Amino acid sequence: MGSVKKRGDSYRARYWGPDHRQHQRTFARKLDADNWLIKQQNAMVDGDWVDPAQSRMLIGEWMDEWLESRSGLTESTLDGYERLVRVHVLPTFGDRQLGSLLPIDVQTWVARLSRRRAASTTRSAYFVFKSALDDAVKNRKIRSSPCVDIELPRVDRPHEREANMTLIDDGQIMRLASSIDPRWRVFVLTLGFAGLRFGEGAGLRRSRVDLPGQRLHIAESVTFVVGQGMVHGDPKSHQARRVPIPAWLRDELAQHMGGIDEDPRTLLFTAPEGGEISNRVWVPRFWQPAVVAAGLPEALTPHDLRHSCASMLIAKGFTVIEVQHFLGHAEASTTLRRYAHLWPDSMDRVAEAFDDVAPARGLRVVGQGQNEGKGGSTDESGGVSRSE
C-alpha cells in the first residue's frame, strides 16, 4: 500500500514496509516518485526488499560490525582480516554508503590496489571485502552485492611460488642448527624435520611429545596479535595432527626435555626471558645471525624450513596426500598449489611407459627391418604399419 502526493513544488512517495514502518521519499517530478514507489512495491513482492535507511549505512560502520561478528577464526586470522580492512578497504570506501557502490567502483579499487600491492594481497583484500558485502545482502542492508564479475590479478604461478620460498637441504638445516644459539638448536631441527609452522613449534608442550611413539601432537599454535600480545589458538585451518619424527630427532628432543620443567603443560621452547617465543623478536635476535653464520641465503625465513621439509619429502617420492597430512593442510589442493612445481615432471615417465608397446603389439618402427623379407611395409606417409 502506497501513495504519491504533491506537496508544494515536490512529490512525496510513501508506503508501509514489511517492517511495519512507513517509508517515504521526496522527488521533484511525479514520474520519479511513481517509479520509486513501484520499485519498492515490486521488491516487497519478490522478497528482496531492503530498508532504504539500511543501505545508507557507512561502509566503515558495517565493516566494524561485520568484523565483530566473525566467529570460528583464529586470533591471527581475525587480526589479518582487520589489517586488510584497515589498510586497504577503509581508506577508499570507509565514508561511502553501502548502497552507493557499483561494480565499477570495486573494479577500479582492485585495479589501483594491484598496481601498488602484490597480487596475493590484492586478492586477499578483495575476498574479505566481498565476504562482508555478501553478508550485508544476507542481512538486508543492500539488495545485491557490487562484487560481480570482478577481474582479479592472477597469482600463484609456478615461478611465483618458487620466488616466494628459499629451499635448503638436510645438510644445510643441520649446519644452521649448529650455527644458532645452542638454546635453539632443537627448535630449528624440529621446524626443519617435522615441517612445523613457527607458531606450532612455539606452542609445542611437553605433554604433546610422544617419545616412545616418535610422534608430535600438533594441536596448538602461538601467534603475536597486535593489541593482545602472544595468543594461543588452534593450528592454521584448525587441523590438529600427529607428526612422525625420526629416531635421532626423538633423542634430541628427549635430551632437551630433560632440562625443562616436568609439568605436562610446559612449553618446550620459551623466550630467554620466559614466556612464548615471539617471531618478531626471535628472528632478528637469533635467526638472522645464525643464517649469516651458516653461509645461507639471507632471504631464508623460519617458514622456509617447513617448505624445505616438504621439498625433501617430495624428492623422496611421497605423494600429495601424504605430504598434505604431514603438513596439516586442510585440502590436498592447498598442497598442490604450493608445491606442484617441486614434483618431478612425470611426462618423461609417461613416454617411457609406451616405449615397448609397438613391438609387443606386432608393430615395427619405421626404419627398422625394412629390408627383411616378409613382414609389414612402410606407408608413404612415413608412419608405422602392422605386420601381416
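Preceding block: the structure.
Residues numbered from 1 in each chain as written. Predicted model: local features only at pLDDT ≥ 70, side-chain atom pairs only at ≥ 80, totals over all residues. Heavy atoms only, no water.

### Here we look at the overall build of the protein chain
Argument step 1. Of regular secondary structure, the protein chain possesses 17 helices and 8 strands.
Argument step 2. A total of 388 residues make up the protein chain; the buried ones form 37% of that total.
Argument step 3. In the protein chain, of all internal contacts separated by at least 6 residues, the share reaching a separation of at least 24 is 59%.
Argument step 4. As displayed, the protein chain offers around 22,000 Å² of accessible surface, 49% of which is attributable to carbon and sulfur atoms. (Helix = DSSP H or I, 4+ residues; strand = E, 2+ residues; numbered from the N terminus. Buried < 20%, exposed > 50% of the residue type's maximum accessible area, 1.4 Å probe, protein only. Contact = heavy atoms within 4.5 Å. Areas by Shrake-Rupley, 256 points an atom, 1.4 Å probe, with all protein chains shown as cover.)

### Looking at the environment of Met312
Argument step 1. Counting through the fold element by element, Met312 comes out in helix H13 (residues 302-315).
Argument step 2. As for Met312 and Leu342, which are separated by 30 residues in sequence, their C-alpha atoms are 9.5 Å apart.

### Description of the sheet that holds strand S1 (residues 2-7)
Note: strands within a sheet are paired through backbone hydrogen bonds, in either parallel or antiparallel orientation.
Argument step 1. Within the open sheet, the 3 strands sit side by side as S1-S2-S3. Their pairing is antiparallel. In the strand order of this sheet, the two ends are held by S1 and strand S3 (22-27), each with one partner. With strand direction ignored, the average angle separating the axes of adjacent strands in the sheet is 20°.
Argument step 2. Pairing geometry for strand S2 (residues 10-16) and S3, over 6 bridges, is antiparallel. (Pairing = 2+ DSSP bridges. Axes fitted to C-alpha atoms, helices over the stretch in contact; angles between N-to-C directions.)

### What to know about the environment of Asp304
Argument step 1. Looking at the secondary structure, you find Asp304 in helix H13.
Argument step 2. Accessibility expressed as a relative area gives 3% for Asp304, which makes it buried.
Argument step 3. Linking Asp304 and Leu167, residues 137 residues apart in sequence, is a C-alpha distance of 6.3 Å.
Argument step 4. Once residues within four sequence positions are removed from consideration, Asp304 is found in contact with Asn164, Met165, Thr166 and Ala299.

### Re the pairing of S2
Argument step 1. Across 6 bridges, the pairing between S1 and S2 is antiparallel. From the neighbouring strand, Gly2 faces S2, where its bridge partner is Tyr15.
Argument step 2. Taking the residues between adjacent antiparallel strands as the criterion, S1 and S2 are bridged by 2 residues, where Gly8 takes a positive phi near 70°.

On their own, these measurements won't tell you what the molecule is for.
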